[in-house]
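# Structural characterization, general
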Amino acid sequence: MAVGGAQGWKVYQKDQRESEGERFAQAEALAVAGRPEEAGIAFAALAEDAGAGYATLARLRAAALRAKAGDANGAIAIYDGLAADTAVGDAYRDLALLLSVTHQLDSGDPTALLPLLEPLTAEDNPWHYSALELTALLAERAGDRARAREIFARLSDDPEAPAGLRARAREMLAYLGEG
């Protein structure tokens, strides 16, 4: 009896994930078809009742659609909600935080945003390089050009950093000058 129950549960879970995958694909198709409002509604509905994986992905896509539509505050609110959600995996929480800060680069208070990035700059964090780049940009915005130059120099010289990021760091160093 227990074996049959366990098998039934596995089938049920598989069916749920397949259904959620189909719903995600349908919402994405709406976005691709140029129907962002409908896609946003579909992603929001999926985020409400899907399992953790698809719910997280749906929230990320809903935030991205809001940002693309010019609703930065709506996107930031979703990203901040994800970053604070302990049920979401660390990598996704960190990504949400990174995206929130990215959308606040021009308008947010650098002194409030810099401490948020600090844990993400640890070398074992998967978002290490992106967090360092944002830290340097915020340091420059806060008027700390020396810190910005130091971080950009470190990024431009790091052979492990992504090539595009190294190139942007070199461009920023040229923009910031020698000091």
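Presented here is an overview of the structure given in this document. (Residues numbered from 1 in each chain as written. Predicted model: local features only at pLDDT ≥ 70, side-chain atom pairs only at ≥ 80, totals over all residues. Heavy atoms only, no water.)

### Remarks on the side chain of Ser-156
Where we set the bar: Only runs of H or I of at least four residues qualify as helices and only runs of E of at least two qualify as strands under DSSP, and these elements are numbered from the N terminus. To sort residues, take the accessible area from a 1.4 Å probe on protein chains only and compare it with the maximum for the residue type: under 20% means buried, over 50% means exposed, and anything in between is partly exposed. Pairing of N or O atoms within 3.5 Å defines a polar contact, subject to two protein rules: one partner must be a possible hydrogen donor and the other a possible acceptor, and residues neighboring in sequence count only if both atoms are side-chain atoms. Residue contacts are counted whenever heavy atoms from the two residues lie within 4.5 Å of one another.
By the secondary structure assignment, Ser-156 is in helix α8 (residues 145–157). Owing to a relative accessible area of 11%, Ser-156 belongs among the buried residues under this scheme. In this structure the side chain of Ser-156 is engaged in a polar contact, spanning 3.0 Å, whose partner is the backbone oxygen of Ala-153. If we ignore the near neighbours within four places in the chain, the residues touching Ser-156 are Arg-166, Ala-169, Arg-170 and Leu-173.

### Observations regarding the nonpolar core
Counted only if it meets this: What we call a nonpolar core is a set of buried Ala, Val, Leu, Ile, Met, Phe, Trp, Tyr and Cys residues that are connected through their side-chain atoms within 4.5 Å.
Membership of the largest hydrophobic core comes to 22 residues, with the highest contact counts inside it found for Ala-39, Phe-43 and Tyr-79. Mapped by element, the contributors of at least two residues to this core are α1 (2–32), α2 (36–49), α3 (52–68), α4 (72–84) and α5 (90–102). Of the residues forming this core, the biggest block, six residues, is contributed by α3. Setting aside anything within four residues of it in sequence, one finds Tyr-79 in contact with Leu-60, Ala-63, Ala-64, Ala-96, Leu-99, Ser-100 and His-103. Within the second largest apolar cluster, twelve residues are counted, among which are Ala-148, Ile-151, Phe-152 and Ala-169.

### With respect to helix α6 (residues 110–117)
Applied cut-off: Arc definition: directions from the helix axis to the C-beta atoms.
For α6, every residue scored as buried is listed here: Pro-110, Leu-113, Leu-114 and Leu-117. For α6, the buried positions fall inside an angular range of 105° around the axis, keeping them on one side. Exposed residues on α6 whose side chains face more than 90 degrees from its buried face are Thr-111 and Pro-115. Against the buried residues of α6 lie α5, α7 (128–141) and α8.

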